[in-house]
Amino acid sequence: MTDSAVQARVDQALVARVLLADDRRAFEQLLRRYQGMVRAQLRRLLNGDHAKADDLAQETFLLAWRKLDQFRGDARFSTWLHRIAYTCFLQARRKPSWPSDQHDHDDGQQAEPSQAMDLHLDIARAMQRLSHAEQTVLLHCVQLGMSHSETAYVLAMPLGTVKTHAAQGKAKLRALLADWQDRKEEAS
Amino acid sequence: MSEHEDDAVDALLLAAFEGPMPDEGFCDNMMQRLPARRRYVWWPLAAGLAAGAALCFLTLQSAPLMRTGLRDWLSGQLSAPALTLLLAMAGISLLTLVWTMEEADATRMKS
């Protein structure tokens, strides 16, 4: 049995303990297993806003607690949680109080890459030149380690669209980062 | 894009990802905020169904159409009262089915 299959069985056993025995400690174990990745997902979606991300993470786990009986085990528990988190993010973004500077970064008006910036900043800047959909798909597919079909489930997006965004995003990133590397070579 | 170039972009993206967040008291705070679970209680539904069926029987038991229809149906005769009774039952079943499907759709949309 693969490691992910074992993890899935552990998750299902913990979910069953919560549902059948009202075991809060089982839910706490699920929480400890997945809070890190869910909060990382939300921080990325919120461009590093830690406070807002933690608020949405709390909302995510409260919803998961209330709707745990709706978890059928069709997807991995972590994928189900990421889907709830993404839905919470979308709902928060639709509110009128949402700051306008947190919307999509697909206007293409970005500063030129600087040689002084470290790898993280360079990639963050390159990522900001992608469309919001491309950024979101790459976050889930590459950085959170999901498969294309899991990403499609979390983002409620057709599988073909996910694959297209992933391919386009990677092509753009490759071009952007190669350009930066060329400049670095010219300067040296 | 070749697989090698794809891998290079993946590696850069992974290098820029800070990974899972440390707990920093998040779980303890979260556990304190968890409300009591709402347990599914079955008896109101069962009691409602039983009361509805009993009321229906008491109301209709003296109706001649009901008695004749039931008698004909049990004896295997598809008379007009028996057909009326069967059609009424089919109609109620259909309405219940549509209502259940609507409720299931509404629940799925909310989740």
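Owing to the predicted nature of the structure, the values given are computational and were not obtained by experimental measurement. Just so you know, the residues in each chain are numbered from 1, in the order the chain's sequence is written. For this description, chains carry letters from A and ligands carry numbers from 1, given in the order in which they are written. Owing to the predicted nature of the model, reporting of local features is limited to residues with pLDDT of at least 70; listing and counting of side-chain atom pairs is limited to 80 or more, with chain, interface and lining totals taken over all residues. To obtain the side-chain values, all non-hydrogen atoms of the structure were included, while hydrogens and water were left out.

### Topic: the overall build of chain A
Helix and strand assignments follow DSSP, with helices taken as H or I runs no shorter than four residues and strands as E runs no shorter than two, numbered in order from the N terminus. Counting its secondary structure elements, chain A contains eight helices and zero strands. For chain A, the N- to C-terminal ordering of α and β elements is α-α-α-α-α-α-α-α. Put simply, chain A has 188 residues, and 43% of those count as buried. Any two residues whose heavy atoms approach within 4.5 Å at even a single point are treated as in contact. Long-range contacts, defined here as pairs at least 24 residues apart, represent 60% of the contacts in chain A between residues at least 6 apart. Carbon and sulfur atoms provide 49% of the accessible area of chain A, an area that totals close to 9600 Å². Think of it in three bands: residues with accessible area under 20% of the maximum for their type are buried, residues over 50% are exposed, and the middle band is partly exposed, with areas taken using a 1.4 Å probe on protein chains only. Only the protein chains shown count as cover for residues, and all accessible areas are computed by the Shrake-Rupley method using a 1.4 Å probe.

### Topic: helix α7 (residues 148–155) of chain A
Looking only at α7(A), the buried set comprises Glu150(A), Thr151(A), Ala152(A), Val154(A) and Leu155(A). Ala156(A), located one to two residues past α7(A), shows a positive phi value of around 50°.

### A few points about the packing of aromatic side chains
Ring pairs shown here join Phe, Tyr and Trp side chains whose ring centres sit within 6.5 Å, with only the six-membered ring taken for Trp; geometry is labelled stacked below 30 degrees between planes, edge-to-face above 60, and tilted in between. Per the stated rule, a full pass over the model turns up seven aromatic pairs over all chains. Measuring from ring centre to ring centre gives 6.1 Å for Phe61(A) and Phe26(B), while their planes differ by 65°; the resulting arrangement is edge-to-face. With Phe61(A) in helix α3 (residues 50–66) and Phe26(B) in helix α2 (residues 26–33), this residue pair bridges two chains. The exposure class of Phe26(B) is buried, given its relative accessible area of 4%. Through successive ring pairs, a cluster of aromatic residues spans Tyr34(A), Phe71(A), Phe77(A) and Trp80(A). Distance and angle both matter: a charge sits over a ring if NZ of Lys or CZ of Arg is within 6 Å of the ring centre and within 35 degrees of the ring normal. Here Arg83(A) stacks its cationic end above the ring of Tyr153(A), 4.6 Å away from the centre of that ring.

### Description of the confidence of the model for chain B
Residue and element names in this part refer to chain B. Every residue is assigned a pLDDT by the predictor, reflecting its confidence on a scale from 0 to 100. When pLDDT is averaged along chain B, the result is 83; 90% of the residues meet or exceed 70. Ranking the elements of chain B by mean pLDDT puts helix α1 (residues 3–16) last with 79 and α2 first with 93. For this predicted complex, the interface score ipTM comes out at 0.74, while the overall pTM is 0.70.

### Section: unusual backbone geometry
Residue and element names in this part refer to chain A. Phi at Asp 22 is positive, roughly 55°, even though this residue is not glycine. Inspection of the secondary structure puts Asp 22 in the loop between α1 (3–21) and α2 (24–45). Relative accessible area serves as the criterion here: at 30%, Asp 22 is assigned to the partly exposed category. Positive phi, normally seen in glycine, also occurs at Asn 47, with a value near 55°. Residue class for Asn 47 comes out partly exposed when judged on its relative accessible area of 40%.

### With respect to the pattern of salt bridges
Just to be clear on terms, a salt bridge is a Lys or Arg side-chain nitrogen sitting within 4 Å of an Asp or Glu carboxyl oxygen. Counted by the stated rule, this structure contains 13 salt bridges over all chains. Of the charged contacts in the structure, one is a salt bridge between Asp54(A) and Arg43(A), with a shortest N-O distance of 3.4 Å. Of this pair, Asp54(A) sits in helix α3 while Arg43(A) sits in helix α2, placing them 11 residues apart in sequence. Take Arg43(A): its relative accessible area is 5%, and that puts it in the buried class. Salt-bridge contacts for Arg76(A) lead to Glu150(A); the nearest nitrogen and oxygen are separated by 2.8 Å. Placement of Arg76(A) in the loop between α3 and α4 (77–94) and of Glu150(A) in helix α7 is noted, with a sequence separation of 74 residues between them. Judged by relative accessible area, Arg76(A) falls into the partly exposed class, the value being 36%. Because the salt bridges share partners, they merge into one network encompassing Glu28(A), Arg32(A), Asp23(B) and Asp28(B).

### So, the interface of chain B and chain A
Contacts between the two partners involve 33 residues from chain B and, on the opposite side, 41 residues from chain A. By convention, the term buried area covers the 1.4 Å-probe accessible surface removed from two parts as they join, with the contributions of both added. When chain B packs against chain A, close to 3500 Å² is buried across both sides, 63% of that on carbon and sulfur atoms. Area buried by chain B at its contact with chain A is led by Leu13(B), Phe26(B) and Arg37(B), which between them contribute 22% of it. There are five salt bridges connecting chain B and chain A. Between Arg39(A) and Glu24(B) there is a salt bridge, with the nearest N and O atoms lying 3.2 Å from each other. Polar contact is the term for a pair of N or O atoms within 3.5 Å; when the atoms are in protein, one must be able to donate a hydrogen and the other to accept it, and sequence-neighboring residues count only if both atoms are side-chain atoms. Linking chain B with chain A are 15 residue pairs in polar contact (both at pLDDT 80 or more). Residue contributions to the side of chain B that touches chain A peak at nine residues, all from α1(B). Amino acid classes used here: Ala, Val, Leu, Ile, Met, Phe, Trp, Tyr, Cys and Pro are nonpolar; Asp, Glu, Lys and Arg are charged; the rest, including Gly, are polar. Grouping the amino acids of the side of chain B that touches chain A by side-chain chemistry returns 18 nonpolar, four polar and 11 charged.

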